[in-house]
Amino acid sequence: MSANLKYLSLGILVFQTTSLVLTMRYSRTLKEEGPRYLSSTAVVVAELLKITACILLVYKDSKCSLRALNRILHDEILNKPMETLKLAIPSGIYTLQNNLLYVALSNLDAATYQWPSDSQELDSKELSAGSQFVGLMAVLTACFSSGFAGVYFEKILKETKQSVWIRNIQLGFFGSIFGLMGVYVYDGELVSKNGFFQGYNQLTWIVVVLQALGGLVIAAVIKYADNILKGFATSLSIILSTLISYFWLQDFVPTSVFFLGAILVITATFLYGYDPKPAGNPTKA
């Protein structure tokens with residue numbers, strides 16, 4: 001059962017990551033009348049959706065009893081303040097990372113966002129050197145912060161008996177606070193002028209839902225697999241995003257270096273999951 005959950009969560013993560021990257025990129029470059037939606041508010045809404053989904057899952061696990069739900073939330077969150085505070089560190093990093101994703105995808109194509117080493121191959125007619133640099137710095141910062149937060153979160157999940165949904169509620173609580181602070185600092189004036197949900201449309205809500213789903217899936221992957229396997233799943237989505245960018249969006253041309261990296265990713269994924277059969281004991285003469 002655990003193995004099935006591991007590979008199911010990994011498959012969903014590949015699908016979610018690829019879909020999020022492509023839809024987020026499209027939503028940030030789509031030219032429409034009126035103001036564009038604020039990425040800082042989208043991060044906050046995604047955190048609130050994640051909290052809501054996790055509360056519903058805990059409610060389902062508690063046999064749809066409001067009394068049991070209230071007791072679980074009180075015992076596992078309010079009565080364990082130090083355990084809850086542990087989630088403030090990865091939550092702050094994940095919130096920073098989510099905001100950086102919007103910055104990166106506003107300045108890079110989908111494939112280069114996921115594969116920074118190919119950024120020098122971008123068509124200079126399409127993207128300015130300044131936007132390339134901003135996007136590249138954003139994705140590099142997100143990569144380093146994601147690695148640390150993932151390992152830290154895995155350690156917390158596997159050292160305690162709290163459910164992954166309770167941990168996600170704690171994570172989302174701090175993420176919402178940090179996200180609202182970002183809205184106030186960076187976009188407070190725009191929010192007061194045009195509203196919190198300015199520029200939101202159907203595509204924006206799809207991006208927000210996919211981002212909220214990503215938080216749930218990543219937690220499940222780290223719980224039932226590990227952070228390294230999560231990295232491989234994300235790497236597989238790079239290849240899928242590249243194929244879609246090349247054949248459908250036509251905004252990226254893979255290079256020989258990219259193909260070499262893709263082969264290494266596939267090989268590493270195979271080697272990680274390969275479980276050789278133990279050699280039989282030699283028979284004695």
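Let me sum up the structure you'll find in this document. All values reported here derive from a predicted model rather than from experimental measurement.

Looking at the packing of aromatic side chains
So, step 1. Per the counting criterion, the structure on display carries six aromatic pairs.
So, step 2. Seen from their ring centres, F197 and Y200 are 5.2 Å apart, and the 85 degrees between their planes marks the pair as edge-to-face.
So, step 3. F197 gets classed as partly exposed once you look at its relative accessible area, which sits at 46%.
So, step 4. The exposure class assigned to Y200 is buried, which follows from its relative accessible area of 15%.
So, step 5. Ring pairs connect the aromatic residues Y37, F196, F197, Y200 and W205, which therefore count as one cluster.

Observations concerning helix 3 (residues 66-78)
So, step 1. Look at helix 3: 17 Å from first C-alpha to last across 13 residues, which is about the 18 Å you get at 1.5 Å a residue.
So, step 2. Residues of helix 3 that are buried: A68, L69 and I77. Seen from one end, helix 3 has its buried residues packed into an arc of 125 degrees, which puts them on one side. For helix 3, exposure combined with an orientation more than 90 degrees from the buried face picks out R67, N70 and L78.

With respect to the environment of K80
So, step 1. Position of K80 among the secondary structure elements: in the loop between helix 3 and helix 4 (81-85).
So, step 2. With a relative accessible area of 34%, K80 lands in the partly exposed category.
So, step 3. Setting aside residues no more than four positions away along its own chain, K80 makes contact with D75 and Q162.

Some points on the pattern of salt bridges
So, step 1. Applying the stated rule across the entire model yields four salt bridges.
So, step 2. The closest approach of N and O atoms between K80 and E76, which form a salt bridge, is 3.2 Å.
So, step 3. Note on E76: relative accessible area 22%, which makes it partly exposed.
So, step 4. One salt bridge in this structure joins K86 and E83, with 3.1 Å as the shortest N-O distance.
So, step 5. For K86, a relative accessible area of 36% puts it in the partly exposed group.
So, step 6. Each of E83, K86 and R167 takes part in a single network of salt bridges with overlapping partners.

A look at the environment of S39
So, step 1. Among the secondary structure elements, S39 is positioned in helix 2 (residues 39-61).
So, step 2. S39 gets classed as buried once you look at its relative accessible area, which sits at 15%.
So, step 3. Between the alpha carbons of S39 and L100 there is a distance of 9.3 Å; along the sequence they are 61 residues apart.
So, step 4. Each residue touching S39, except ones within four places of it in the same chain, is listed here: R28, N99 and Y102.

Concerning a nonpolar patch on the surface
So, step 1. Together, L240, L243, Y246, F247 and V253 line one region of the surface with nonpolar side chains, adding up to about 510 Å² of accessible area.
So, step 2. Examined against the element boundaries, L243 turns out to sit in helix 10 (residues 227-249).
So, step 3. Judged by its relative accessible area of 43%, L243 is partly exposed.

What counts, and at which threshold
Residues numbered from 1 in each chain as written. Predicted model: local features only at pLDDT ≥ 70, side-chain atom pairs only at ≥ 80, totals over all residues. Heavy atoms only, no water. Phe/Tyr/Trp six-rings, centres within 6.5 Å; stacked < 30°, edge-to-face > 60°. Buried < 20%, exposed > 50% of the residue type's maximum accessible area, 1.4 Å probe, protein only. Helix = DSSP H or I, 4+ residues; strand = E, 2+ residues; numbered from the N terminus. Expected span 1.5 Å × (residues − 1). Arc of directions from axis to C-beta. Contact = heavy atoms within 4.5 Å. Salt bridge = Lys/Arg side-chain N within 4 Å of Asp/Glu carboxyl O. Patch = residues over 30% accessible without salt bridge, like charges linked within 9 Å, V, L, I, M, F, W, Y side chains within 5 Å. Areas by Shrake-Rupley, 256 points an atom, 1.4 Å probe, with all protein chains shown as cover.

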